[in-house]
Amino acid sequence: MLTDTAARTAELERRMRPVPRPGAHRVVVLALDGVYPFELGIPHRVLGSAEGRYEVWSASVDGRPVRTDSDLTVTPGHGPEVLAEADTVVIPPYAVTAASAAAADPRALAALARVRPGTRLVSICTGAFLLAAAGLLDGRRATTHWALADHFRELFPQVELDAGVLFVDHGDVLTSAGAASGVDVCLHLVREDHGSEVANQVARCCVVPPYRDGGQAQYIEQPLPPASTTGTGPTRDWALGRLGQPLSLDEMAAHAAMSTRTFARRFREETGLSPGRWLTRQRLRRAQHLLESSDLPVERVAHEVGFATATSLRRHLAAQAGVAPSAYRRTFRASV
């Protein structure tokens, strides 16, 4: 029994930590101050499980240990000089402050300058802030964690930020969203470099799905703005209690004791949305809650929140979150 267990353990170790093949694609993971340990390890685990097709090294900007965002410090195996030998460079996320986002660490920019032209660059989560600060995302579409999207846009208006996707691939530069999207983008690299069969084998080895439906839009929190006791606020509260019923602009205006034109203007001034778009958004929020917290059929969910048909719910949810109701439920509702 012990011999059998030892053999199985050795086989697992061989699969998870294979010896790099001659001429393997060299990946350097640049650990910055405040790096997130989980994401720091993703390239090693995912790319390192591709049967020796990648050789993964870690590096710091000065060759010294790096403080993580947790109560531990890591010691990368290399200094910044190995960046010049990389075929792909990965920037894992690090703790971003207002100061560090506005002015990137000069040592990090200097380390990034060592990268050879034509080297593939990949960021995970806040790693995009460094690429943007270096001017490498100017005029390009990119992504980062949805919670930092507004801050990113303020700092880097020259970058076309898309906060609704898991990753963006320009071939030479890839950016990805938060945490687990680092797994998604690394599997994507394997898929692009070696095909779906190899990527699927890596996914099985790492016990993760080879591909996730939708984008990060389905994870974005969209809190309901607080209603006021003046203007259209009371009517919004009234409408929220009647989402399952047909609600027309005229009915909402009558409840607010305003003309239709005045109500529509005031509503947009207070919410930034037309009454129709606001109603659709609230119905979607209610539908998402029911999909997460109940076993109601999709048709019943659509009826409960005021969509005329399940097809209408599917269309609106796909437009907002990029997934069908069934896929959204699989993601957020635990099996009972």
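Structure: see above.
These notes cover the structure that comes with them.

1. Topic: the overall build of the protein
Part 1: For the protein, the helix and strand inventory stands at 15 helices and 10 strands.
Part 2: Seen along its three principal axes, the alpha-carbon backbone of the protein occupies a region of about 75 × 55 × 35 Å.
Part 3: A sequence separation of at least 24 residues applies to 64% of the contacts in the protein between residues at least 6 apart.
Part 4: Counting only carbon and sulfur atoms, one obtains 52% of the accessible surface of the protein, whose full area is about 16,800 Å².
Part 5: Charged side chains of the protein number 37 positive and 36 negative; the gap between the two group centres comes to 5 Å.

2. Comments concerning the pattern of salt bridges
Part 1: The final tally for this structure, using the stated rule, is 16 salt bridges.
Part 2: A salt bridge links Asp33 to Arg67; the nearest nitrogen and oxygen atoms lie 2.9 Å apart. Here Asp33, found in the loop between β1 (25-31) and α2 (37-47), pairs with Arg67, found in strand β3 (residues 66-67); they are 34 residues apart in sequence, far enough to count as distant.
Part 3: The exposure class of Asp33 is partly exposed, given its relative accessible area of 41%.
Part 4: Where Arg314 meets Glu299, a salt bridge forms, and the shortest distance between an N and an O atom there is 3.7 Å. In this pair, Arg314 sits in helix α14 (residues 310-321) while Glu299 sits in helix α13 (residues 298-305), placing the two residues 15 residues apart along the sequence.
Part 5: Under the relative-accessibility criterion, Arg314 is labelled partly exposed at 35%.
Part 6: Classification of Glu299 by relative accessible area gives partly exposed; the value is 46%.
Part 7: Three or more residues joined by partner-sharing salt bridges are found here, namely Arg26, Glu55 and Glu85.

3. Description of the packing of α13 against α14
Between two packed helices, the angle of one axis relative to the other and the distance separating the axes together describe the packing.
Part 1: At a closest axis distance of 8 Å, the pairing of α13 and α14 adopts a crossing angle of 85°. The angle between the axes of α13 and α14 places the two elements in the roughly perpendicular class. Of α14, the residues touching α13 (which contributes Val298, Glu299, Val301 and Ala302) are Ala310, Leu313 and Arg314.

4. Here we look at the sheet that holds strand β9 (residues 167-169)
Within a sheet, neighbouring strands are paired by backbone hydrogen bonds and run either parallel or antiparallel to one another.
Part 1: If you walk across this open sheet you meet the six strands as β2-β1-β5-β6-β10-β9, and the pairing is mixed. At either margin of the open sheet sits one strand with a lone partner, and together these are β2 (54-60) and β9. Direction aside, the axes of adjacent strands within the sheet are offset by 15° on average.
Part 2: Note: strand β6 (residues 120-124) against strand β10 (residues 173-176), four bridges, orientation parallel. Directly across from Val122, in β10, lies its bridge partner Leu174.
Part 3: Across the sheet, α2 is in contact with β1, β2, β5 (88-91) and β6; its angle to β2 comes to roughly 160°.
Part 4: Across the sheet, helix α7 (residues 181-194) is in contact with β2, β6, β9 and β10; its angle to β10 comes to roughly 150°.

5. What to know about helix α9 (residues 233-240)
Part 1: Turning to α9, its buried residues are Gly233, Thr235, Arg236, Ala239 and Leu240. Along the axis of α9, the buried residues cluster in a sector spanning 160°; they form a single face.
Part 2: Those residues of α9 hidden inside the fold are in contact with α10 (249-255), α11 (260-271) and α12 (275-293).

6. What to know about the packing of α12 against α13
Part 1: Where α12 contacts α13, the axes come no closer than 9 Å and their chain directions differ by 140°. Put simply, α12 runs oblique to α13. The handedness of the crossing between α12 and α13 comes out as right-handed. On α13, the residues touching Arg283, Arg286, Ala287, Leu290 and Leu291 of α12 are Val301, Glu304 and Val305.
Part 2: In terms of residue class, the contact of α12 with α13 is made up of five nonpolar, no polar and three charged.

7. Concerning unusual backbone geometry
Part 1: Positive phi, close to 45°, is recorded for Ala179, a residue that is not glycine.
Part 2: Here Ala179 lies in the loop between β10 and α7.
Part 3: Of note, the phi angle at Val207 is positive, near 60°, even though the residue is not glycine.
Part 4: For Val207, the location among the structural elements is in the loop between α8 (196-206) and α9.

Quick notes on the rules
Residues numbered from 1 in each chain as written. Predicted model: local features only at pLDDT ≥ 70, side-chain atom pairs only at ≥ 80, totals over all residues. Heavy atoms only, no water. Helix = DSSP H or I, 4+ residues; strand = E, 2+ residues; numbered from the N terminus. Contact = heavy atoms within 4.5 Å. Areas by Shrake-Rupley, 256 points an atom, 1.4 Å probe, with all protein chains shown as cover. Lys, Arg positive; Asp, Glu negative; His and termini not counted. Charge placed at Lys NZ, Arg CZ, Asp CG, Glu CD. Salt bridge = Lys/Arg side-chain N within 4 Å of Asp/Glu carboxyl O. Buried < 20%, exposed > 50% of the residue type's maximum accessible area, 1.4 Å probe, protein only. Axes fitted to C-alpha atoms, helices over the stretch in contact; angles between N-to-C directions. Parallel < 35°, antiparallel > 145°, perpendicular 65-115°, else oblique. Pairing = 2+ DSSP bridges. Arc of directions from axis to C-beta. Left-handed = near helix turned anticlockwise from the far one by under 90°. Nonpolar A, V, L, I, M, F, W, Y, C, P; charged D, E, K, R; others polar.

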